[in-house]
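This is what each chain is made of:
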Amino acid sequence: MTGADVLLLALGAVAVGAGALVVATRHLVRAGLWLVVCLGALAGDYLVLTAELVAWVQVLIYVGAVVVLLLFAVMLTRAPIGPSDDLDRPGWAAALVGGGSGLGLAVLLIDAFRWSRVDLPAAGTAERLGEQIFRSWVLPFEVLSVLLLAALVGAIVLSRPDIGRPKAPGPADGDRTGGDAPVGAAQPADEGGRP
């Protein structure tokens, strides 16, 4: 086992541990910060695998943009910052689904590759990567950008307190109190002193 293998395993363990803390913590902001650690460890894995461009794209797009978008959504929707008791649900169902999925993927990979060696292809370039993204994978790339835009617009709409609130009856609705003042409230006096 080489030093690169040890580093890859260590960064993978950090990513898995931080990912588990993302879903286990009861603080929403701390979950976002653990997500930064998880995505940063993945970027480190890419660096160990000599995929520098993918590593820096991971840092710029996911660590930089997606986590900032998540934290902005938390701030704009005025979500509770502290621990949330309503998030403390039984986790056995999620552990069962996650463990079953991981076990199924492990069995599938072991059965598919056994102990055979896979020859690595030639090192890629930024030009080849760009051709693949903007030719073969352009539709998922654009769908993801629309999804992020929709999430940002949704966070802004949810943060506005005036959307969805019923309007106060006005003069056109038969209200003779004039304007938005509640019924029975003191009305401003006119120049003669009469309300």
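Described below are features of the structure shown in this document. Since this is a predicted model, take the numbers as computed values, not measurements.

Moving on to the side chain of Asp45. With respect to the helices and strands, the residue Asp45 is situated in helix H2 (residues 28-48). Taking relative accessible area as the criterion, Asp45 reaches 11% and is therefore assigned buried. Residues contacting Asp45, with those up to four places away along its chain left out, are Leu8, Leu11 and Gly12.

Here we take up the packing of helix H1 (residues 3-24) against H2. Where H1 meets H2, the closest approach of the two axes is 8 Å, and the angle between their N-to-C directions is 160 degrees. Accordingly, the angle class assigned to the pair H1 and H2 is roughly antiparallel. In the crossing of H1 with H2, the sense of the turn from one axis to the other is left-handed. From H1, Ala4, Leu7, Leu8, Leu11, Gly12, Val14, Ala15, Ala18, Gly19, Leu21 and Val22 reach across to H2, where they touch Ala31, Trp34, Leu35, Val37, Cys38, Ala41, Leu42, Gly44, Asp45 and Val48.

Taken as a whole and assessed by the stated rule, the structure comprises one aromatic pair. Between Phe134 and Phe141, the aromatic rings sit 5.4 Å apart at their centres with planes inclined by 75 degrees, giving edge-to-face as the arrangement. Its relative accessible area of 52% is what places Phe134 among the exposed residues.

Conventions and cut-offs
- Residues numbered from 1 in each chain as written.
- Predicted model: local features only at pLDDT ≥ 70, side-chain atom pairs only at ≥ 80, totals over all residues.
- Heavy atoms only, no water.
- Helix = DSSP H or I, 4+ residues; strand = E, 2+ residues; numbered from the N terminus.
- Buried < 20%, exposed > 50% of the residue type's maximum accessible area, 1.4 Å probe, protein only.
- Contact = heavy atoms within 4.5 Å.
- Axes fitted to C-alpha atoms, helices over the stretch in contact; angles between N-to-C directions.
- Parallel < 35°, antiparallel > 145°, perpendicular 65-115°, else oblique.
- Left-handed = near helix turned anticlockwise from the far one by under 90°.
- Phe/Tyr/Trp six-rings, centres within 6.5 Å; stacked < 30°, edge-to-face > 60°.

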